[in-house]
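Structural description and commentary
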Amino acid sequence: MSASDKSRIPVGKFGWLILVAVVAAPTAFFLLVTPQEPDAPPASPVAKRPLTKLEAVGLRDYRDWDGLPEIFAVWADKAHWEKDRTRFAYWNPANRSYSYFFEARRTAKGYRFREIPEPRDETFTWYPEASEDVPLRLFVPKSGALAVSLSRPDGGTLSRPPPQKVDVQLDAPKLEPAAPKRP
């Protein structure tokens, strides 16, 4: 081996040196040239916006429901309250139907509302005396409690006559097996 062979760098090591120089040089340049930002002050807490009228009574802020709390307050005395809760439907102007359904709850601060699916209780019905132009329909019981809680304009009460018993006799038809079909 000659002296010049000992001073040479092997090809593999030379490749690594080139790679380190190619990666390190731009990184070092970027770190030196990029200005350092001063420490930013801590972020101030975001100021909360005041609740809207609907959010204050438990509903989402939805334009179709703008008058709901006030209109319900007018009709609340006609509602059937059970454990300080009642259900009702509200007019949907887009669908032109009563397709928004709510549960109202009486509290010390007033009424609170929550959206519910359409009530399907067989023992309740929609308030029968409401006119067509009323923007809500109350959900009231079909029997006894309805007659007690609602009165007619002429002073009478809504009530149903007692059910009448009717004797019905049915002659049972004779059933015979069907004859099998032949091909």
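Let me sum up the structure you'll find in this document. (Residues numbered from 1 in each chain as written. Predicted model: local features only at pLDDT ≥ 70, side-chain atom pairs only at ≥ 80, totals over all residues. Heavy atoms only, no water.)

In this section: the side chain of asparagine 92. As for its placement among the helices and strands, asparagine 92 is situated in strand 1 (residues 85-92). Take asparagine 92: its relative accessible area is 5%, and that puts it in the buried class. Side chain to side chain, asparagine 92 and serine 99 meet in a polar contact 3.0 Å long. Setting aside residues up to four positions removed in sequence, asparagine 92 forms contacts with Asp64, Ser97, Ser99 and Tyr100. (Helix = DSSP H or I, 4+ residues; strand = E, 2+ residues; numbered from the N terminus. Buried < 20%, exposed > 50% of the residue type's maximum accessible area, 1.4 Å probe, protein only. Polar contact = N/O pair within 3.5 Å; in protein donor to acceptor, adjacent residues only side chain to side chain. Contact = heavy atoms within 4.5 Å.)

Looking now at unusual backbone geometry. If you check the backbone angles, aspartate 84 has positive phi at about 60° while not being a glycine. With respect to the element layout, aspartate 84 can be found in the loop between helix 4 (68-75) and strand 1. Judged by its relative accessible area of 38%, aspartate 84 is partly exposed. Positive phi, normally seen in glycine, also occurs at arginine 96, with a value near 55°. Along the polypeptide, arginine 96 turns up in the loop between strand 1 and strand 2 (97-107).

Another aspect to go through is the packing of aromatic side chains. Counted according to the given criterion, the structure contains 13 aromatic pairs. For the pair tryptophan 65 and phenylalanine 102, a centre-to-centre distance of 5.0 Å together with 85° between the ring planes defines the contact as edge-to-face. Here phenylalanine 102 lies in strand 2 and tryptophan 65 lies in the loop between helix 3 (53-56) and helix 4, a separation of 37 residues in the sequence. For the pair tryptophan 65 and phenylalanine 102, one class covers both residues: buried. Measuring from ring centre to ring centre gives 5.9 Å for phenylalanine 72 and tryptophan 81, while their planes differ by 75°; the resulting arrangement is edge-to-face. (Phe/Tyr/Trp six-rings, centres within 6.5 Å; stacked < 30°, edge-to-face > 60°.)

In regular strands, side chains alternate between the two faces of the sheet. In terms of residue burial, strand 5 (residues 136-141) counts as a mostly covered element, since six of its six residues are buried. Pairing analysis gives three bridges linking strand 1 to strand 5, with the strands arranged antiparallel. The residue bridging tyrosine 90 from the neighbouring strand is leucine 136, located in strand 5. Sheet topology places strand 4 (residues 124-126) next to strand 5; three bridges connect them, and they run antiparallel. Residue phenylalanine 124 lies in a different strand from strand 5, and its bridge partner there is proline 141. (Pairing = 2+ DSSP bridges.)

To continue, consider helix 4. In an α-helix, one turn spans 3.6 residues; hence positions three or four apart end up facing the same way. Buried within helix 4 we find Leu68, Pro69 and Phe72. Down the axis of helix 4, the smallest arc covering the buried residues is 95°, so these residues share one side. Each element contacted by the buried residues of helix 4 is listed here: helix 3, strand 1, strand 2, strand 3 (110-115) and strand 5. (Arc of directions from axis to C-beta.)

The biggest cluster of nonpolar side chains holds 21 residues, and the ones touching the most others in it are Phe72 and Phe88. Dropping the residues within four chain positions of it, phenylalanine 88 is found in contact with Leu68, Phe72, Tyr100, Phe101, Phe102, Ala104, Phe113, Trp126, Leu136, Arg137, Leu138 and Phe139. (Core = buried A, V, L, I, M, F, W, Y, C linked by side-chain atoms within 4.5 Å.)

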